[in-house]
2 protein chains.
Amino acid sequence: MIKNITGSVDFIEYLRGKSATYLLSMSNTKTAQIEGITQAGIPGLIHLTPTLDAEFLCSGEVRSLENIAETPKGVPTPALITRAVHLLKPFKNIELLDLGIEVKPKLNYFKTHSFDISPSESITKGADIDAFELFQKGVEFGQNYEPTSDYVIVGESVPSGTTTALATALALGYDVKDKFSSSFKNIPTDIKKDVVNKALKNIENKVELFDKLAMVADNMLIFNAGFILGANSKDLKIVLAGGTQMACVLLIVDSILKQMDGIIDSSKFALCTTKWVYKDDSSDIKALLEMIDFKVDSYFSEFDFSLSNHPALKLYDEGEAKEGVGAGGALVYGIINGLDKKSITNKIETFLG
Amino acid sequence: MIKNITGSVDFIEYLRGKSATYLLSMSNTKTAQIEGITQAGIPGLIHLTPTLDAEFLCSGEVRSLENIAETPKGVPTPALITRAVHLLKPFKNIELLDLGIEVKPKLNYFKTHSFDISPSESITKGADIDAFELFQKGVEFGQNYEPTSDYVIVGESVPSGTTTALATALALGYDVKDKFSSSFKNIPTDIKKDVVNKALKNIENKVELFDKLAMVADNMLIFNAGFILGANSKDLKIVLAGGTQMACVLLIVDSILKQMDGIIDSSKFALCTTKWVYKDDSSDIKALLEMIDFKVDSYFSEFDFSLSNHPALKLYDEGEAKEGVGAGGALVYGIINGLDKKSITNKIETFLG
């Protein structure tokens, strides 16, 4: 049920039966307002997606809008998958990382870590991120964060995040064309390419790593690169729950280490994603992870919707949505804690009526 | 599977996946010796019910009597429900609060908190409770208690406790006639009314809150009102697991706050009960909770015995027993930790053969 993308099974086997805190990294980039760039939400209200994902994940309710976010094609948010796992085998905690969102989730009790971060600009306009300060906030959080659980799972909700991740990886000099995923099945290559090219044009004269990140990345990518590095001196295991965006977090870590001549103990973290990302013909997460100088353990869950007849869920199997809100990491967490495909499928179906 | 009676879902959603200590508050009032007043136990041996409930909940065995307590109509104690949940998804600890019981449970290892409290007299005879001292013992326990779990669930086993709760709420001036539950389906209204009227007659000349409580309440009600207030300054979440009796605990808290011009942070506790209490035609827990000045989050579990064919369990669905030994809170705890109706039903059936 869980397969390696890279590395060995030991990391994930070690986590069996241990308790997890789920951290949802939420951020907005105005890149998502570009028409046709993302499928992750409701047109005109794309910026609400992280807010709604957080509300649904924590409470089972969508509070900042009438209905749960789904794409124009009717693909329901992968938050349904993460929520289903949480109902069947609860995370010990869910906490939120506000990495610059427009609308705060309406939730009580659930801890939100705030860092005074604003949503970033569109990467076509230079993003306008104070990248080094943001990175340092991530490092500091990693150094100081003490979960009450055995490990943490870090998911994300960042509309148009695969576009900013692609631009970031290219800006850092990785040869990653055609290796990044998308929320679409038929990826709007022209729009995406155009946006990424514009972004890269903005940094033609930049040489410093953080100067580049400031203009082409998004808040989630930069913060979590800092988080991984900051937490690395501690005895804390981290699952990066996501696809090519989380791979890009690791490419940023890799770039920073190279620049600083630094080293990292990469036995303390791993990446977990979905089968839909792993099998995706238009991206290549394995190739991305293999570009990294340090060794990375990475996994995908074999879960798919073959046991469901629900047309909205079948869209996942057809490639219309692949990952998000830590769905892959949640599935892996569920499976190493005894859940099976049938029970997860049934629980997800209860959300759709 | 879990529905709000009052308030919002956030409190209970926040507790998903967190560990719980189950505290069983046990007390005897001689009110229970009045013939026909309660169905919660064996005629002539009603006082043994909390003792037997504690033994069965903790050990799966009934030690102070040959058989498990059941009513003359054959309704098994709700301790079966709480025990079933504990077997499927164990509480981290079960601890006992001896709030004045005639016979100590025969148990090793399980911690019993003792406070040198005697069983109370019948409320027809003025109950004879040192109410302020008892309240202070509750406050002190709340201030000092440090569970090793993330939160606590407080259940109760107090035969004739709905009668003393009704008398207490009326004595405190709440308009609660016909709003209190009973262990019976066809409530012995005349007997109960008669007992309550006698009790209220005893306090006709009393004006002080604690003077009234001393004569019409029971130990569990007064102690737990103190516990809620004492724990309120700490970061401890408390689930009051019970129906109208636990609502009465909150009415006492409300009365004390009004008298002292005090305030409480009611985000630290909630009430959880069963569907049988919520749907009960002869009581109204929602109305009781809405009489309270502070905001109360309250929930019921949708669990019933529709998946069972066992005649003794069917009596619950017919209204012959509704709550007790924290059954509703245990069901909510089970459900937020991934248990389903079928597995809980099956486990309860194993106790009945």
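Relevant structure appears above.
Predicted model, so just to flag it, every value in this text is computed and none were measured.

Trainee: Could you clarify how one ought to interpret helix 6 (residues 189–202) of chain A in this entry?
Mentor: All names here are of chain A. In this model helix 6 runs 20 Å from its N-terminal to its C-terminal C-alpha over 14 residues, within 8% of the 20 Å that 1.5 Å per residue would give. Residues of helix 6 that are buried include every one of Lys192, Val195, Val196 and Ala199, and no others. Angular distribution of buried residues about the axis of helix 6 spans 95°; they occupy a single face of the element. Among the exposed residues of helix 6, those oriented more than 90 degrees off its buried face are Asp190 and Lys201.

Trainee: Got a minute to help me understand the relation of the copies chain A and chain B in this structure?
Mentor: Both copies of the chain are related through a single rotation about an axis accompanied by a shift along the same axis. In screw terms, the move from chain A to chain B is a rotation of 119° and a rise of 1.1 Å along the axis, fitting with an RMSD of 0.1 Å. In symmetry terms, the pair is related by a three-fold rotation axis.

Trainee: It is not clear to me how the interface of chain A and chain B should be interpreted in this structure. Could you clarify?
Mentor: Where the parts come together, the accessible area they lose is often given as the size of the interface. With 18 residues of chain A in contact, the opposing surface of chain B contributes 17 residues. Interface area lost by chain A to chain B is led by Pro90, Lys92 and Tyr109 of chain A, which between them contribute 46%. Residue Asp150 of chain B is joined to Lys92 of chain A by a salt bridge in which the shortest nitrogen-to-oxygen separation is 3.9 Å. One can count six residue pairs in polar contact (both at pLDDT 80 or more) joining chain A with chain B. Per-element accounting of the side of chain A that touches chain B gives the leading share, four residues, to helix 3 (residues 79–88) of chain A. Here the side of chain A that touches chain B is built from residues that sort into eight nonpolar, four polar and six charged.

Trainee: Explanation requested: the environment of Asp340 of chain A in the structure shown.
Mentor: All names here are of chain A. Relative to the helices and strands, Asp340 is located in the loop between helix 13 (327–336) and helix 14 (341–350). For Asp340, a relative accessible area of 41% translates into the label partly exposed. Through-space distance from the C-alpha of Asp340 to that of Leu57 is 20 Å; in sequence the pair is 283 residues apart. In this structure the side chain of Asp340 is engaged in a polar contact, spanning 2.8 Å, whose partner is the side chain of Ser343.

Trainee: So what exactly am I meant to see when it comes to the side chain of His113 of chain A here?
Mentor: All names here are of chain A. For His113, the location among the structural elements is in strand 4 (residues 112–114). A distance of 2.7 Å separates a polar atom in the side chain of His113 from a polar atom in the side chain of Glu95. When sequence neighbours within four positions are dropped, the list of residues in contact with His113 reads Leu23, Glu95, Leu96, Leu97, Asp98, Phe141 and Tyr145.

Trainee: How should the pairing of strand 3 (residues 93–98) of chain B be read in this particular structure?
Mentor: For a regular strand, side-chain orientation follows a simple rule: the groups alternate between the two sheet faces. Residue and element names in this part refer to chain B. Of all six residues that make up strand 3, five are buried, and the element is covered over most of its length. Inspection of the sheet shows strand 2 (residues 20–26) paired to strand 3 by six bridges, in the parallel sense. Directly across from Tyr22, in strand 3, lies its bridge partner Ile94. Of the strand pairs in this sheet, strand 3 and strand 4 (residues 112–114) are connected by three bridges, and their pairing is parallel. From the neighbouring strand, Asp98 faces strand 4, where its bridge partner is Ser114.

Trainee: Please clarify how the packing of helix 2 (residues 49–59) of chain A against helix 3 of chain A should be interpreted in this entry.
Mentor: Residue and element names in this part refer to chain A. Packing of helix 2 against helix 3 leaves a shortest axis separation of 8 Å and a crossing angle of 20°. Of the possible angle classes, the one that applies to helix 2 and helix 3 is roughly parallel. Considering the relative orientation of helix 2 and helix 3, their crossing is right-handed. In this structure, helix 2 contributes Asp53, Phe56, Leu57, Cys58 and Ser59 to the contact, and helix 3 contributes Ala79, Leu80, Thr82, Arg83 and His86. Residue composition of the contact of helix 2 with helix 3, grouped by class: five nonpolar, three polar and two charged.

Trainee: Got a minute to help me understand helix 9 (residues 244–260) of chain B in this structure?
Mentor: All names here are of chain B. The end-to-end C-alpha separation of helix 9 is 24 Å, in line with the 24 Å expected for 17 residues at 1.5 Å each. Among the 17 residues of helix 9, 14 are classified as buried, and the element is accordingly described as predominantly covered. Two residues or fewer after helix 9 comes Asp261, characterised by a positive phi angle close to 55°.

Trainee: Would you mind showing me how to read the packing of aromatic side chains here?
Mentor: Pairs of aromatic rings are described using the distance from one ring centre to the other and the angle between the two planes. Residues and elements named next belong to chain A. For the coordinates displayed, the defined rule picks out 39 aromatic pairs over all chains. Between the aromatic rings of Tyr22 and Phe91, the centroid separation amounts to 5.2 Å while the plane-to-plane angle is 35°, which identifies the pairing as tilted. You can see Tyr22 sitting in strand 2 (residues 20–26) and its partner Phe91 sitting in the loop between helix 3 and strand 3 (93–98), a full 69 residues away along the chain. Here the aromatic residues Phe115, Phe141, Tyr145, Phe223 and Phe227 are joined through ring pairs into a cluster of three or more.

Reading guide: rules and limits
Residues numbered from 1 in each chain as written. Chains lettered and ligands numbered in written order. Predicted model: local features only at pLDDT ≥ 70, side-chain atom pairs only at ≥ 80, totals over all residues. Heavy atoms only, no water. Helix = DSSP H or I, 4+ residues; strand = E, 2+ residues; numbered from the N terminus. Expected span 1.5 Å × (residues − 1). Buried < 20%, exposed > 50% of the residue type's maximum accessible area, 1.4 Å probe, protein only. Arc of directions from axis to C-beta. Least-squares fit on C-alpha atoms with pLDDT ≥ 70 in both. Contact = heavy atoms within 4.5 Å. Buried area = accessible area lost by both parts, 1.4 Å probe. Salt bridge = Lys/Arg side-chain N within 4 Å of Asp/Glu carboxyl O. Polar contact = N/O pair within 3.5 Å; in protein donor to acceptor, adjacent residues only side chain to side chain. Nonpolar A, V, L, I, M, F, W, Y, C, P; charged D, E, K, R; others polar. Pairing = 2+ DSSP bridges. Axes fitted to C-alpha atoms, helices over the stretch in contact; angles between N-to-C directions. Parallel < 35°, antiparallel > 145°, perpendicular 65-115°, else oblique. Left-handed = near helix turned anticlockwise from the far one by under 90°. Phe/Tyr/Trp six-rings, centres within 6.5 Å; stacked < 30°, edge-to-face > 60°.

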